[in-house]
Amino acid sequence: MMPFVTLTSNELALRGLLEHTSIPPEVAVRIARNAGLSPARTARLLHSLLDLSVDTLKAMIRRVFDELEAEQTMQFVQQVAELDGLDLKEPISESTWKAIMLTNFSVTDSINVAQHGRAYDLHNCADFQGFSYDVTESRLSLRWVIVEFGSSGQHLEICFENVDYLTVHHRDSEMPVSEDLTLDHIGSVSHGIIDQMTFFKGPVYQVDAGEALLFQFRGGQAVVVHAKLAILKVTHLA
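What comes next is a walk through the structure.

Each value, and the rule that gives it
Residues numbered from 1 in each chain as written. Predicted model: local features only at pLDDT ≥ 70, side-chain atom pairs only at ≥ 80, totals over all residues. Heavy atoms only, no water. Buried < 20%, exposed > 50% of the residue type's maximum accessible area, 1.4 Å probe, protein only. Helix = DSSP H or I, 4+ residues; strand = E, 2+ residues; numbered from the N terminus. Arc of directions from axis to C-beta. Axes fitted to C-alpha atoms, helices over the stretch in contact; angles between N-to-C directions. Parallel < 35°, antiparallel > 145°, perpendicular 65-115°, else oblique. Left-handed = near helix turned anticlockwise from the far one by under 90°. Contact = heavy atoms within 4.5 Å. Nonpolar A, V, L, I, M, F, W, Y, C, P; charged D, E, K, R; others polar. Pairing = 2+ DSSP bridges. Phe/Tyr/Trp six-rings, centres within 6.5 Å; stacked < 30°, edge-to-face > 60°. Lys NZ or Arg CZ within 6 Å of the ring centre and 35° of its normal. Core = buried A, V, L, I, M, F, W, Y, C linked by side-chain atoms within 4.5 Å. Salt bridge = Lys/Arg side-chain N within 4 Å of Asp/Glu carboxyl O.

### Observations concerning helix α2 (residues 25-34)
- Every buried residue belonging to α2 is among Ala-28, Val-29, Ala-32 and Arg-33, and all of these are buried. All buried residues of α2 project into a common sector of 135 degrees when viewed along the axis, lining one side.

### Notes on the packing of α2 against helix α4 (residues 54-84)
- Contact pair α2 / α4: the axes reach a minimum separation of 10 Å and the direction vectors enclose 60 degrees. Here α2 is positioned oblique relative to α4, judged by the angle of their axes. The chirality of how α2 crosses α4 is right-handed. Note on element contacts: α4 touches α2 through Met-60, Ile-61, Arg-63, Val-64, Phe-65, Glu-67, Leu-68, Glu-69, Glu-71 and Gln-72, opposite Pro-25, Glu-26, Val-29, Arg-30 and Arg-33.
- Residues that form the contact of α2 with α4 fall into these classes: seven nonpolar, one polar and seven charged.

### Concerning the sheet that holds strand β3 (residues 112-115)
- Strand order in the open sheet formed by three strands is β2-β3-β4, and the pairing between neighbours is antiparallel. The outermost strands of the open sheet, each flanked by one partner alone, are β2 (106-107) and β4 (118-121).

### A look at the packing of aromatic side chains
- As enumerated under the stated definition, the model contains five aromatic pairs in all.
- Site record: aromatic cluster; members linked through ring pairs are Phe-128, Trp-144, Phe-160, Phe-215 and Phe-217.
- The ring centre of Phe-65 lies 5.8 Å from the NZ or CZ of Arg-33, which sits over that ring.

### With respect to the pairing of strand β6 (residues 139-146)
- With eight bridges connecting them, strand β5 (residues 126-134) and β6 associate as antiparallel partners. Looking at the pairing, Ser-132 lines up with Ser-141 of β6.
- Hairpin connection from β5 to β6: four residues lie between these consecutive antiparallel strands, with Ser-138 at a positive phi of about 50 degrees.

### Description of the nonpolar core
- Val-113, Leu-122, Trp-144, Leu-156, Ile-158, Phe-160 and Phe-215 are the most contacted members of the largest nonpolar core, which has 27 residues in total.
- Counting only elements with at least two residues in this core, the list comes to β5, β6, β7 (154-169), β8 (183-190), β9 (211-217) and β10 (222-236).
- When residues in this core are grouped by element, the largest group, five residues, is from β10.
- Apart from the residues lying within four places of it in its own chain, the contact partners of Val-113 are Phe-105, Ser-106, Val-107, Thr-108, Arg-118, Ala-119, Tyr-120, Leu-122, Leu-156, Ile-158, Ile-186 and Leu-232.
- Core analysis: the second largest hydrophobic core is formed by 17 residues, Leu-57, Ile-61, Val-64 and Phe-65 among them.

### Quick notes on the pattern of salt bridges
- All told, the structure shown has eight salt bridges when counted by the stated rule.
- Taken together, the shared-partner salt bridges in this structure form one network comprising Glu-26, Arg-30, Arg-63, Glu-67 and Glu-71.

### Examining helix α1 (residues 9-19)
- Regarding α1, the residues found buried are Glu-11, Leu-14 and Leu-18. Down the axis of α1, the sector holding all buried residues measures 60 degrees, keeping them to one side. Turned more than 90 degrees away from the buried face of α1, the exposed residues are Ser-9, Ala-13 and Leu-17.
- Those residues of α1 that are buried are in contact with α2 and α3 (39-47).

### Things to note about the side chain of Arg-33
- You can see Arg-33 is positioned in helix α2.
- Arg-33 sits in the buried class, given a relative accessible area of 16%.
- Aside from chain neighbours lying at most four places away, what touches Arg-33 is Thr-42, Phe-65, Leu-68, Glu-69 and Gln-72.

These results come straight from atomic positions and should not be treated as a statement about function.
So this is what it looks like as C-alpha cells:
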C-alpha cells in the first residue's frame, strides 16, 4: 500500500494539466520525472489519473525512470567524450613588452611622422626604398625618399634598436611592384592579436605597452616590429 503523500501546489497544477490532456501513460511519467518528481511522488500523482493497477503503474514508472536514467548516462558519456576531443588553444599569456620609446619623433596619425615641428607624409609625399635587418645588432631600418615639392634629396630613415619582435608579411602578387613604394598606413598591433593582421589601431599618437608598430604598404607587404626604442633620421642625399 502506498504511503500517504500530500501533493504540492505545483504537483496539483501538473495533475490538473494532465487531466485535460490525452497523452499515453509513459509520456505522463516522463513529464512527471522531467518536472523533478521522484518515482513515489510520480506514482501518487498519476494513480488517480491512469486506469492502471498499482502494480502495473509501479512497474511502468520503474521502467520509464530506468530508461531515462540510461539515456542521461549515455548523454553524459557523449558530452565527456566531446570535451576530451575538444581542441582548445592555450590562452595567450600577458605581454611583457614595454612601450616602444620614440626617442626624437612621433607618429601623429596613420600616415604622418613628425620631428621638431615638421610633419612628413609617408603616404603622399614619400617613396619607400626598402628595409634591412641587422641580426647581430637586432636593428631594423625602414627607408624612404621624400618626394614632396621643395624637399628633393631628403632621405628619411626610421631605425628600431633592440628589436625583440619582427615579422614581414608577403606582398600581393597581383599588385604591381610600383605599389610597394606607397605606405598605406601606420598602425599599432597589440600582443594578444599579433596574428590578426587585418586589425590595427590608428591614428597612432603613442605606442602603448604591449603593442608593436605596423607599416602596411599598398602592394600588400606589411612590416610589424616591436623594439626597445626607435630613432628618426632625416638627411640630405649627396
